[in-house]
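What the coordinates show
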Amino acid sequence: MSVTLTAARQARLVPALQAKGGRIVAGGTLAIADLNQGPTSGSALITLDRLGFDQVTAKGGKVTLGAMVTMAKIARDRRLKFLHPVANSIGGPAVRAMATVGGNLFAPAPYGDMAAALLALDAEVTLHDGKTTRKLVIEAFLRQRHKLNKTCIVSVSFASPPAGAFRYFKAVRRKPVSASVVTIAALLPRKAGKIKGARIALGAMAENAVRARKAEAALEGAALDHEAIAAAANLITTETSPADDAYASAWYRREIAPVYFFRLLTA
Amino acid sequence: MTKVAVEFTLNAREQNEFVESGSTLLAMLRDRLDLYATKAGCHQGTCGACTVIIDGEPHLSCLTLAERCEGREITTLEGLSLDGALHPLQQAFMDGFAAQCGFCTPGMILAAKCLLDRNPEPTRAEIADAISGNICRCTGYEPIIAAILSVAERMRDPVGKRA
């Protein structure tokens, strides 16, 4: 059975329902697909459609995406142009019309491209545990996500990147739609021509989206020239543990990640 | 099994149903309403055979809970023809041999309709993207893309539009 919460104040009920084995259904592309695989446990499906978690705000350089904002909604929002390549790289149009920001944070590799982008953007995840609302940096959230079974995501927030500072590329085996072979999201703000505060995130290169800190360090303070990019590319896979799956072998992922990283940053 | 009352618009007609809580829109369409154009394929959101239009956007009915359709407007392939006349996309698929086994065809046509409603002048790449979630194992996709392009061209042509 499912439970449809019908007003914002009922968000407080979500953790209690989860504690009883209830499962949150956001867009349904993960949860219902999972349930369709086999017999259901009989526990409640918790739908959040009417809680008001589907709003996008972009004010004062800060962007907040409600947990129920869909990829299609992001792809239509002119304020979020830098995120359009990310949203449009996720599934076909029907998946994009259903898949949500909150759900994507739980997508297992080689999925979860928006999570990789949000990791590069240094997003903060707002969670509700039934009584209080708290914020968690996305890296900590991704590490703990499967233990967070008594909380629901309300929204994610991040600073709007400076023009041209955010770059994204998803390598796939079949265009235009496929799971990721490797996903690269990079935030490369510059001050006086030098990179300051580089953040590079990789998808499909580990169980969760991960930072490439050694590559970030190689770029820090450097001009975005071939030499610095090549040095960073050499380090891009050092902190990864990609899986072998139907889309690519771990070996192949390690081989192509530096190549696509170099191309992305020199484009 | 708990039953839930759901009110929605289906193929331009108001509909009231009691559905099993937790059941899918796909099951409701095929098992309760005898609307068989929507095909049951992978049940994983991968093949696109179960695509329907909800509030103007393509959705996968195998992954949509029936009770979440409350107040929404749903179109299946059965809702496209008007007074027995095929929709231009249906006709183009027939004329252009864009359907072979036909299993993907309803989902393909509804995905294409969503595209043309939003973007009447799509490029070939935009058409490929619009049907990218719909798998076809027979046609090689080229006749499908050609059929959708031909409808777009016809809709742009004032004479064709009148027809």
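Summary of the structure given here. None of these values were measured; they are calculated from a predicted model. (Residues numbered from 1 in each chain as written. Chains lettered and ligands numbered in written order. Predicted model: local features only at pLDDT ≥ 70, side-chain atom pairs only at ≥ 80, totals over all residues. Heavy atoms only, no water.)

The number of helices and strands found in chain B is six helices and five strands. Moving toward the C terminus, one meets the helices and strands of chain B in the order β-β-α-β-β-β-α-α-α-α-α. With respect to the principal axes defined by its C-alpha atoms, chain B has extents near 50 × 35 × 25 Å. The buried share of chain B, taken over its 163 residues, is 49%. Counting contacts in chain B only where the partners sit at least 6 residues apart, residues at least 24 apart contribute 53% of the total. In the structure as shown, chain B presents an accessible area of about 7800 Å², 52% of it carried by carbon and sulfur atoms. Computing the positive centroid from 15 side-chain charges and the negative centroid from 21, chain B places the two 3 Å apart. (Helix = DSSP H or I, 4+ residues; strand = E, 2+ residues; numbered from the N terminus. Buried < 20%, exposed > 50% of the residue type's maximum accessible area, 1.4 Å probe, protein only. Contact = heavy atoms within 4.5 Å. Areas by Shrake-Rupley, 256 points an atom, 1.4 Å probe, with all protein chains shown as cover. Lys, Arg positive; Asp, Glu negative; His and termini not counted. Charge placed at Lys NZ, Arg CZ, Asp CG, Glu CD.)

The next subject is helix 5 (residues 142-156) of chain B. Residues and elements named next belong to chain B. For helix 5, with 15 residues, the first-to-last C-alpha span of 21 Å sits near the 21 Å given by 1.5 Å per residue. Three or more residues of helix 5 are buried, namely Ile144, Ile145, Ala147, Ile148, Val151 and Ala152. Buried residues in helix 5, looked at end-on, bunch into an arc of 160°, giving them a common side. On its buried face, helix 5 sits against helix 2 (88-95), helix 3 (105-118) and helix 4 (124-130). (Expected span 1.5 Å × (residues − 1). Arc of directions from axis to C-beta.)

Further remarks concern the pattern of salt bridges. Applying the stated rule across the entire model yields 16 salt bridges over all chains. A salt bridge links Arg96(A) to Asp129(B), with the shortest nitrogen-to-oxygen separation between them at 2.8 Å. Placement of Arg96(A) in helix 5 (residues 93-98) and of Asp129(B) in helix 4 is noted, with the two residues assigned to different chains. Linking Glu17(B) and Arg32(B) is a salt bridge whose minimum nitrogen-to-oxygen distance equals 3.0 Å. With a gap of 15 residues between them, Glu17(B) in strand 2 (residues 13-20) and Arg32(B) in helix 1 (residues 25-32) connect regions that are remote in the sequence. Classification of Arg32(B) as partly exposed rests on a relative accessible area of 41%. Through salt bridges with shared partners, a single ionic network connects Glu139(A), Arg211(A), Arg213(A) and Glu216(A). (Salt bridge = Lys/Arg side-chain N within 4 Å of Asp/Glu carboxyl O.)

Below, the discussion takes up unusual backbone geometry. Going from Ala109(A) to Pro110(A), the amide bond is cis rather than trans, its omega being 10°. Backbone torsion omega between Lys175(A) and Pro176(A) reads 5°, so that peptide bond is classified as cis. Mapped onto the elements of the fold, Pro176(A) is located in the loop between strand 9 (166-171) and strand 10 (182-187). The backbone phi angle of His43(B) is positive, close to 60°, even though this residue is not glycine. Relative to the assigned elements, His43(B) resides in the loop between helix 1 and strand 3 (51-54). Of note in the backbone geometry, Asp83(B) takes a positive phi value of approximately 50° without being a glycine. Asp83(B) gets classed as exposed once you look at its relative accessible area, which sits at 81%.

This brings us to the interface of chain B and chain A. Counting from both sides, the interface comprises 25 residues of chain B and, opposite them, 29 residues of chain A. Both faces combined, the contact of chain B with chain A buries some 2100 Å², and carbon together with sulfur accounts for 52% of it. At the surface where chain B touches chain A, the tally comes to three salt bridges. Between Glu57(B) and Arg76(A) there is a salt bridge; the shortest N-O distance is 2.7 Å. Across the contact surface, chain B and chain A share seven residue pairs in polar contact (both at pLDDT 80 or more). Taken together, the elements giving at least two residues each to the side of chain B that touches chain A come down to strand 4 (57-60) and helix 4 of chain B. For the side of chain B that touches chain A, the leading source of residues is strand 4 of chain B, giving four residues. When its residues are assigned to classes, the side of chain B that touches chain A shows eight nonpolar, 11 polar and six charged. (Buried area = accessible area lost by both parts, 1.4 Å probe. Polar contact = N/O pair within 3.5 Å; in protein donor to acceptor, adjacent residues only side chain to side chain. Nonpolar A, V, L, I, M, F, W, Y, C, P; charged D, E, K, R; others polar.)

The subject of this paragraph is the sheet that holds strand 1 (residues 3-10) of chain B. Residues and elements named next belong to chain B. The strand order across the open sheet built from five strands is 2-1-5-3-4, with neighbouring strands paired in mixed fashion. Since the sheet does not close on itself, it has two edges, and those belong to strand 2 and strand 4, each with one partner. Strand-to-strand twist in this sheet, taken as the mean axis angle between neighbours without regard to direction, amounts to 45°. Relative to strand 5 (residues 73-75), strand 3 runs antiparallel, the two sharing two bridges. By the bridge assignment for strand 5, Ile53 is matched with Thr75. Helix 1 rests against strand 1, strand 2, strand 3 and strand 5 of the sheet, and its axis sits at about 105° to strand 2. Lying over the sheet, helix 3 contacts strand 3, strand 4 and strand 5, oriented at roughly 35° with respect to strand 3. (Pairing = 2+ DSSP bridges. Axes fitted to C-alpha atoms, helices over the stretch in contact; angles between N-to-C directions.)

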